[in-house]
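Spelled out from the first residue to the last, the chains are:
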Amino acid sequence: MTAALAVSGITRHFFGVAALGGVEFAVPAGSITGLIGPNGAGKSTLLNVVSGLLKPDGGEVRFMGEAVTGAAPHRLAARGLTRTFQVARGFPKMSVFQHLMLYGPRQPGERLLQAPMWGAAARRREAELAERAWSIARRLRLSHVIDAPVTALSGGQKKLVEIGRTLMAEPRMILLDEPMAGVNPTLTAEIAAHLQALNAEGITLCLVEHDMALIRQLCGHVVVMAQGRTLVTGSFDEVVANTEVQEAYLGRRH
Ligand SMILES: Nc1ncnc2c1ncn2[C@@H]1O[C@H](COP(=O)(O)OP(=O)(O)OP(=O)(O)O)[C@@H](O)[C@H]1O
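Being a predicted model, the structure only gives us computed values, none of them experimental.

Caption draft 1: Molecular detail of the overall build of the chain. Counting its secondary structure elements, the chain contains 9 helices and 10 strands. Rg of the C-alpha trace for the chain: 19 Å, near the compact-globule value of 18 Å for 254 residues, within the 12% margin. Each principal axis of the C-alpha atoms in the chain carries an extent, and together these give about 65 × 45 × 35 Å. Expressed as a percentage of its 254 residues, the buried residues of the chain come to 36%. Expressed as a percentage of contacts within the chain between residues at least 6 apart in sequence, the contacts between residues at least 24 apart total 67%.

Caption draft 2: Representation of the confidence of the model for the chain within the structure. For the chain, the average pLDDT comes to 89, and 92% of its residues sit at 70 or higher. Taken as a whole, residues 108–112 scores under 50 in pLDDT and shows 4 contacts with residues more than four places along the chain or in a different chain. Confidence estimates for the predicted assembly give a pTM of 0.90 and an ipTM of 0.95.

Caption draft 3: Expanded view of the site of the ligand. With respect to spatial proximity, the complete set of residues near the ligand consists of F14, A19, G37, N39, G40, A41, G42, K43, S44 and T45. Ranked by residue count, the leading element in the shell around the ligand is helix α1 (residues 43–50), at 3 residues.

Caption draft 4: Up close: the sheet that holds strand β3 (residues 32–36). Overall, mixed pairing links the 6 strands, which are arranged β6-β7-β8-β3-β9-β10 in an open sheet. Only two strands of the sheet have a single partner each, and these edge strands are β6 (81–83) and β10 (229–234). Sheet twist, expressed as the average angle between the axes of neighbouring strands with direction ignored, equals 20°. Where strand β7 (residues 173–177) lies against strand β8 (residues 204–208), 5 bridges are found, and the strand directions are parallel. For D177, the partnering residue across the bridge sits in β8 and is V208.

Caption draft 5: How the structure looks around the nonpolar core. Formed by 60 residues in total, the largest nonpolar core has its most connected members in L5, V50, L205 and V224. At 6 residues, strand β2 (residues 17–28) tops the list of elements feeding residues into this core. Setting aside anything within four residues of it in sequence, one finds L5 in contact with A26, V27, V50, F63, M173 and C206.

Caption draft 6: Spotlight on α1. Buried residues dominate α1, accounting for 7 of its 8 residues. For α1, the set of buried residues is K43, T45, L46, L47, N48, V49 and V50. In the stretch just after α1, G52 is the one whose phi turns positive, near 85°.

Caption draft 7: Summary view of the environment of R83. Along the polypeptide, R83 turns up in strand β6. Judged by the 23 C-beta atoms lying within 10 Å of it, R83 is buried. Linking R83 and N48, residues 35 residues apart in sequence, is a C-alpha distance of 9.3 Å. Each residue touching R83, except ones within four places of it in the same chain, is listed here: L47, S51, T166, I174, L175 and D177.

Caption draft 8: Molecular detail of the pairing of strand β1 (residues 3–14). Bridging between β1 and β2 involves 9 bridges; their strand directions are antiparallel. Across the sheet, residue H13 finds its bridge partner in β2, namely A18. Here β1 folds back onto β2, and the loop between the two strands holds 2 residues, one of which, F15, carries a positive phi near 50°. In this sheet, strand β4 (residues 58–63) lies alongside β1 in antiparallel orientation, the contact comprising 5 bridges. Paired with L5 across the bridge in β4 is F63.

Caption draft 9: Structural detail: the sheet that holds β4. Taken together, 4 strands build an open sheet; the order of strands is β2-β1-β4-β5 and the sheet is antiparallel. Each end of this open sheet is capped by a strand with a single partner; those strands are β2 and β5 (66–67). In this structure, β4 lies alongside β5, joined through 2 bridges in antiparallel fashion. Within β5, the residue paired with R62 across the bridge is A67. Packing of α1 onto the sheet brings it into contact with β1, β2 and β4, and relative to β1 it is tilted by some 115°.

Caption draft 10: Fine view of helix α6 (residues 185–200). With 16 residues, α6 should cover 22 Å at 1.5 Å per step; its first-to-last C-alpha distance of 22 Å lies within 8% of that length. Immediately downstream of α6, the backbone of G202 shows phi near 105°, a positive value.

What counts and how
- All residue numbers refer to position in the chain's written sequence, counted from 1.
- Given that this is a predicted model, residues contribute local features only at a pLDDT of at least 70 and side-chain atom pairs are listed and counted only at 80 or more, while totals for whole chains, interfaces and linings are drawn from all residues.
- Here a strand is any run of E in DSSP of at least two residues, a helix any run of H or I of at least four, and the numbering for each starts at the N terminus.
- In this description the radius of gyration comes from C-alpha coordinates, and the expected globular size is given by 2.2 Å times residues to the power 0.38.
- Burial in this document is a count-based property: other C-beta atoms within 10 Å of a residue's C-beta are tallied, and the residue is buried at 20 or more, exposed at 12 or fewer, or partly exposed in between, with C-beta positions derived from the backbone.
- By definition, residue pairs are in contact when their C-beta atoms, positioned from the backbone, come within 7 Å.
- The pLDDT score gives, residue by residue, the confidence of the prediction method on a 0 to 100 scale.
- Residues are classed as near a molecule or strand if the C-beta position derived from their backbone is within 6 Å of it.
- A pair of strands is considered paired only if DSSP assigns at least 2 bridges between the two.
- The axes are straight lines fitted to the C-alpha atoms, using for helices just the contacting stretch, and the angles between their N-to-C directions are given from 0 to 180°.
- Each nonpolar core reported here comprises buried Ala, Val, Leu, Ile, Met, Phe, Trp, Tyr and Cys residues connected via C-beta atoms within 7 Å.
- For a helix, the expected span equals 1.5 Å multiplied by the number of residues minus one.

Listed below in structure tokens is the structure:
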């Protein structure tokens, strides 16, 4: 198995209490991997560490074989690793289009000696990004709300904007934090289909999700966390049949 993402020995404490106590797992390249576990297991903390929002106290994160532990989110995005948030972040009054444009990678300006070229090159890049934003909006069926402020969108549409935002960076892998939570069943099915289509195009996905039916439907590989550690990894059927997993969900201490 080639790992797109490999996490080893990750520890993170908050005020002396271990939220992550040495997490180990790998996300196979090309997979849709589900990261599950009871409340407080450490899933969000782990996502924050992997996506560069929190520095771990120890351990290593490797993306596509290269150590990226503690790298800032924009550096990870430039390498092709992006994430969504449970609640859409950013600037609520900005339109969907402006929101998407904000996350398109700008190419660094040309060298000083080529300064006269810079304005034209920048305008060309802006036009490319605008075309990309439009094509993502069409793909995610957001083009009819592209000029609406994000605050005017439904919960499910906001989740789609989050996915669209990550796509602006042309990712190789996306981490998704509860991409369907609180979304109505029709839009949930639509989001699931988008995720499957993105995966079929070669994007590796790793999602934190509490809805087990969705995990079963989407994820070929499942990682179960409990109390800041990885408990079990395997197929959905393997992990749900595991007694340690069943006990963790029932709240027994390990
Ligand atoms: N900023 C913080 N300050 C203090 N403790 C924190 C902080 N963030 C997380 N924790 C603690 O770390 C542990 C893991 O929390 P985390 O939110 O990562 O779990 P989770 O698996 O994502 O839970 P849920 O499924 O409920 O979102 C919990 O005990 C939580 O209280």
